[in-house]
Amino acid sequence: MHVTGTHFTRFADRTEAGRRLAARLGHLAGPDTVIVALPRGGVPVAAEVAAALGAPLDICVIRKLGVPYQPELGMGAIGEDGVRVLNEQVIRFSSVTDGQLAEVERRERTELARRARRYRGDRPPADLRGRTVVVVDDGIATGSTARAACRIVRERGAGRVVLAVPVAPADWAERLDEVADELVCVDTPSPFYAIGEFYADFSQTEDEEVLRLLAEAARGDPPGASAGVDRELLLPVTGVRLAGRLTVPAGARGVVVFAHGSGSGRHSPRNRHVAEYLNRTGLATLLFDLLTEAEEPDRRNVFDVALLGGRLTAVARRLGPAEGGPDATVPETRGLPLGLFGASTGAAAALHTAAELGPAVRAVVSRGGRPDLAAPDTLARVRAPTLLVVGSLDPTVLDLNRRARSRLRCETGLAVVPHASHLFEEPGTLDRVAELAADWFLRHLPRPVGPGSA
């Protein structure tokens, strides 16, 4: 994949970081996957990943060995099962003596034993034998704790080890490629001084939160669970009634409206695949038919961007986005930040709506779309960050997307999915679209406000 035009944006908190990380891990969903978190800060991140992948959540208790006069700088780590990892370079550079190292290790082993008892009680560690184990933390600095955790899960019989974090230094793969079979990271900004600088809220995770999240995962509840919504609805718009499917997971972070130019948005298997993935990452979705059954046979309607965009705009207003007007009629989404996902000519409709609603639309994603069908002055008025996703085997549409992108005056990204044709029918390519879309929306949708927020 090739992505251009993006830049790093700080995570609001560990929950958002977990959702954005989960968007990169969809290919690991399956019955043989286990998520293993590094307490304490890694647990809120891992809880979101476990919920998105439908995987069990366990912990691997690790304690960093911090330099005595600079505790945030790791000179090594210790973990369960007697694992001990030292960073000889940091020890030499910091002039740490054997006595100082021994004292730090003694103190941290006491704390490690306390936390292991506190978090596990009498519950044994999860059975990892032969399974895919995703080791999750809130970030990597020196990598000592991650290295120790990967060693532990490997020694416990993991068949495949994946190390996944929201943020890490640019050279993290060179340092850690031998400890895991796969490395996954949302962003590797440079310069990199400390993990906390990439979070708006990096407050300490308390034991009580760790215990709550582990208990929720054991029950199969989503993090912060409450009842979600999944229902059909009819939306009256400019003299017609449009059918839609609304899905709002518990604690939804935002709502994404799908626009498909053929009028089959509610039933499109590709849109439904992407929507289900977004739901697993905590985003609400509305799939609806831009055209009625009577209008669909007339192909001129499929390319009528003014008609499609006008209807999409009216529907978006009814969802009650945070900066929307008084037209809200869907209580479950009121106050949720709004994103738009357009496919085919629906991409032009999405950009039409983004231009019309201004700040009420917070992000747009196009899948194999025709943004070039939107009028040039419409494209120039779009302010919502816009990601254009195109298959590498779709050269004509790729060229049209590049031309449309040159007319946009907002933050833009162009993602070219390798080995993908126009409909993304090749194995794994639609999963990649879903991951890219989820990451873009979670990156750009702010925290919700009002009754629709969790």
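The structure contained in this document is the topic of the report that follows.

### Digging into the overall build of the protein
Looking only at helices and strands, one finds 14 helices and 17 strands in the protein. Expected size for 454 residues packed as a compact globule is a radius of gyration near 22 Å; at 24 Å, the protein falls within 12% of this value. Projected onto the principal axes, the alpha-carbon positions of the protein cover approximately 80 × 40 × 40 Å. The burial tally for the protein puts 58% of its 454 residues in the buried class. Long-range pairs, those at least 24 residues apart, make up 69% of the contacts in the protein between residues at least 6 apart in sequence. Working note: accessible area of the protein is about 18200 Å², and carbon and sulfur atoms make up 50% of it.

### Thoughts on the pairing of strand S10 (residues 229–237)
In this structure, S10 lies alongside strand S11 (residues 240–248), joined through 9 bridges in antiparallel fashion. Counted as the bridge partner of arginine 231 is leucine 246 from S11. From the end of S10 to the start of S11, which pair antiparallel, there are 2 residues, and threonine 238 there has a positive phi angle of about 40°.

### Examining the packing of aromatic side chains
Enumeration over the complete set of coordinates arrives at 4 aromatic pairs. Seen in terms of ring centroids, phenylalanine 192 and phenylalanine 198 are 5.1 Å apart; in terms of plane orientation they differ by 35°. Their pairing is tilted. Note on phenylalanine 192: relative accessible area 18%, which makes it buried. Since its relative accessible area comes to 6%, phenylalanine 198 is described here as buried. Aromatic rings pair up to connect Phe11, Tyr199 and Phe202 into one cluster.

### Observations regarding helix H11 (residues 346–357)
Three or four residues apart is the spacing at which side chains of an α-helix point the same way, because the helix has 3.6 residues per turn. Compared with the 16 Å implied by 1.5 Å per residue over 12 residues, the 16 Å span of H11 between its first and last C-alpha is a close match. In terms of residue burial, H11 counts as a mostly covered element, since 11 of its 12 residues are buried. Every buried residue belonging to H11 is among Gly346, Ala347, Ala348, Ala349, Ala350, Leu351, His352, Thr353, Ala354, Ala355 and Leu357, and all of these are buried. Glycine 358 lies just past H11 and shows a positive phi near 55°.

### Topic: helix H4 (residues 98–120)
End to end, H4 covers 32 Å across 23 residues, agreeing with the expected 33 Å (1.5 Å per residue, within 8%). Those residues of H4 lying buried are Leu101, Val104, Glu105, Glu108, Glu111, Leu112, Arg115, Ala116, Tyr119 and Arg120. Considering only its buried residues, H4 is in contact with strand S3 (57–59), strand S4 (62–67), strand S5 (70–79), strand S6 (84–86), helix H3 (88–93) and helix H7 (207–219). One or two residues past the end of H4 sits glycine 121, with phi positive at roughly 65°.

### Considerations on unusual backbone geometry
Cis geometry is adopted by the peptide bond preceding arginine 40, which originates at proline 39 and carries an omega value of 0°. Inspection of the secondary structure puts arginine 40 in the loop between strand S2 (33–37) and helix H2 (42–53). Residue proline 191 is bonded to the preceding serine 190 through a cis peptide linkage, with omega at 5°. Position of proline 191 relative to the elements: it lies in the loop between strand S9 (182–187) and H7. We note that serine 95 has phi near 55°; this positive angle belongs to a residue other than glycine.

### A closer look at the packing of H2 against H7
Two elements in contact, H2 and H7, have axes whose closest approach is 9 Å; the angle formed by their N-to-C orientations is 20°. Taken as axis vectors, H2 and H7 run roughly parallel relative to one another. Of the two elements, H2 crosses H7, and the hand of that crossing is left-handed. Contacts between H2 and H7 pair Val43, Pro44 and Ala47 from the former with Glu209, Val210 and Leu213 from the latter.

### Focus: the nonpolar core
Residues Leu21, Leu25, Ile35, Leu57, Met75, Val134 and Val136 are the most contacted members of the largest nonpolar core, which totals 46 residues. In terms of nonpolar packing, the next biggest core, distinct from the first, is built from 44 residues, Val240, Leu246, Ala355 and Ala404 among them.

### Things to note about the sheet that holds S2
For sheets, the rule is that strands pair by backbone hydrogen bonds, running either parallel or antiparallel. The 5 strands are arranged S3-S2-S7-S8-S9 in an open sheet whose pairing can be described as parallel. Across the chains shown, the open sheet's two edge strands, defined by having one partner strand only, are S3 and S9. In this sheet, neighbouring strand axes are inclined to one another by 25° on average, regardless of whether the strands run parallel or antiparallel. As judged from the 5 bridges shared by strand S8 (residues 160–167) and S9, these two strands associate in the parallel manner. Residue leucine 163 lies in a different strand from S9, and its bridge partner there is leucine 183. Packed on one face of the sheet, H2 meets S2, S3, strand S7 (132–136) and S8 and runs near 165° to S2.

### Remarks on the environment of alanine 173
Assignment of secondary structure puts alanine 173 in helix H6 (residues 172–176). For the pair alanine 173 and glutamate 293, spaced 120 residues apart in the sequence, the C-alpha separation amounts to 52 Å.

### Thoughts on the pairing of S4
Within a regular strand, the side chains alternate between the two sheet faces. Taking burial as the measure, the 6 residues of S4 include 5 buried ones, the bulk of the element. Of the strand pairs in this sheet, S4 and S5 are connected by 6 bridges, and their pairing is antiparallel. Pairing of glycine 66 across the sheet is with glycine 74, part of S5. The antiparallel pairing of S4 with S5 creates a hairpin that spans 2 residues between the two strands.

### Quick look at the packing of helix H1 (residues 14–22) against helix H14 (residues 429–444)
In the contact formed by H1 and H14, the axes pass within 8 Å of each other and the chain directions differ by 160°. With respect to H14, the axis of H1 lies roughly antiparallel. The handedness of the crossing between H1 and H14 is left-handed. Along the contact surface, H1 presents Glu16, Arg19 and Arg20, while H14 presents Asp439, Leu442 and Arg443. Each residue belonging to the contact of H1 with H14 can be placed in one class, and the counts come to 1 nonpolar, no polar and 5 charged.

What counts and what doesn't
Residues numbered from 1 in each chain as written. Predicted model: local features only at pLDDT ≥ 70, side-chain atom pairs only at ≥ 80, totals over all residues. Heavy atoms only, no water. Helix = DSSP H or I, 4+ residues; strand = E, 2+ residues; numbered from the N terminus. Rg over C-alpha atoms; globule rule 2.2 N^0.38 Å. Buried < 20%, exposed > 50% of the residue type's maximum accessible area, 1.4 Å probe, protein only. Contact = heavy atoms within 4.5 Å. Areas by Shrake-Rupley, 256 points an atom, 1.4 Å probe, with all protein chains shown as cover. Pairing = 2+ DSSP bridges. Phe/Tyr/Trp six-rings, centres within 6.5 Å; stacked < 30°, edge-to-face > 60°. Expected span 1.5 Å × (residues − 1). Axes fitted to C-alpha atoms, helices over the stretch in contact; angles between N-to-C directions. Parallel < 35°, antiparallel > 145°, perpendicular 65-115°, else oblique. Left-handed = near helix turned anticlockwise from the far one by under 90°. Core = buried A, V, L, I, M, F, W, Y, C linked by side-chain atoms within 4.5 Å. Nonpolar A, V, L, I, M, F, W, Y, C, P; charged D, E, K, R; others polar.

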